[in-house]
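Understanding the architecture of this molecule
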Amino acid sequence: MTRAFIVFFGPPGSGKGTQAKRVVEEVGLAQISTGELFRKHLDQQTPLGIKAQEYMSRGALVPDEITIDMVRERLKQPDCANGAIFDGFPRTGDQAVALDNLLKELDAELCMVIDFELPLDVARARLLGRQEGRADDKPEVIERRLSDHAKVEASVMPHYRARPGLVRTVDGNRPVEDIYQDVLALVRSCLE
Ligand code: ADP
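Thresholds, definitions, all that
- Every chain's residues receive numbers from 1 upward, in the order its sequence appears when written.
- A pLDDT threshold of at least 70 governs which residues receive local features in this predicted model, and a stricter bar of 80 or more applies before side-chain atom pairs are shown or counted, although totals over entire chains, interfaces and linings include all residues.
- Calculation of side-chain values draws on the structure's entire complement of heavy atoms; hydrogens and water are dropped beforehand.
- Helix and strand definitions follow DSSP, with helices as H or I runs of at least four residues and strands as E runs of at least two, each counted in order from the N terminus.
- Helix span, as expected, comes to 1.5 Å for every residue beyond the first.
- Residues are treated as being in contact if the distance between any of their heavy atoms lies within 4.5 Å.
- Remark: exposure states derive from per-residue accessible area (1.4 Å probe, protein chains only) relative to the maximum for the residue type, with buried under 20%, exposed over 50%, and partly exposed in between.
- The term disulfide is used for any two cysteine sulfur atoms that are within 2.5 Å.

Observations regarding helix α1 (residues 16–27)
Under the 1.5 Å per step criterion, the end-to-end length of α1 is 16 Å for 12 residues, consistent within 8% with the ideal 16 Å. For α1, the elements touching its buried residues are β1 (4–9), β2 (30–33), β3 (83–87), β4 (110–117) and α8 (176–191). Of the residues flanking the end of α1, it is G28, one or two places downstream, whose phi is positive at about 80°.

Let's talk about the side chain of D100
Take D100: it is sitting in helix α5 (residues 93–105). With a relative accessible area of 18%, D100 lands in the buried category. Apart from residues lying up to four places away in sequence, D100 is in contact with H159 and R163.

Describing the state of the cysteines
One pass over the structure, following the stated rule, counts one disulfide. Here C111 engages in a disulfide with C190; their sulfurs sit 2.0 Å apart. Here the S-S torsion is close to -95°, and the disulfide linking C111 with C190 is therefore left-handed. One end of the pair, C111, is in strand β4; the other, C190, is in helix α8, with 79 residues separating them in the sequence. Overall, the relative accessible area of 31% leaves C111 in the partly exposed class. On the basis of relative accessible area, C190 is assigned to the buried category, the value being 6%. Left without a disulfide partner, C80 is nearest to the cysteine sulfur of C190, which lies 16 Å away.

Printed below as a string of structure tokens:
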């Protein structure tokens, strides 16, 4: 089987996490969600989790060094042998460069970036309606996460758009099942 490393990019609420979860079960890749990893560390009250909480509770980005080290460790786990879908990472230019380097160490490179497009007002309505009991689902923190997304996009996407054919766009403003069919086909094209 071919190895594949893919980034799912999009605003909070765009459904990238939901889609990543389903796709990895179907195709046997690992899912690397930095938000979920931070929440797991926090549940277990690890030093990393306690540190990350300072930032997450405000809707701010956790510093790059902490985030990148955590991804480096995650990539060493055996379920990443066939590749991984990154969801919520990278969120800064430095994280994007670090990801290139981490993959180079594995003698691999990114196959694709899937950009989930969603108008911010739709993302806002979804996040306000979601309320899964996450500490960062308060309205003012949601606003911060949404308004920071433009900055995240400006730091990360030029890095990827510079590589012709790497970025593929999906319309995130459709039923979950329709998006899934498109995303699955794109991910499968990396595994052929
Ligand atoms: P969402 O995409 O719904 O905002 P995530 O679960 O991806 O939520 O992330 C939750 C929080 O975790 C972010 O607001 C941020 O504080 C932190 N976080 C997640 N990924 C990163 C990252 N790559 N770099 C820095 N901070 C991150």
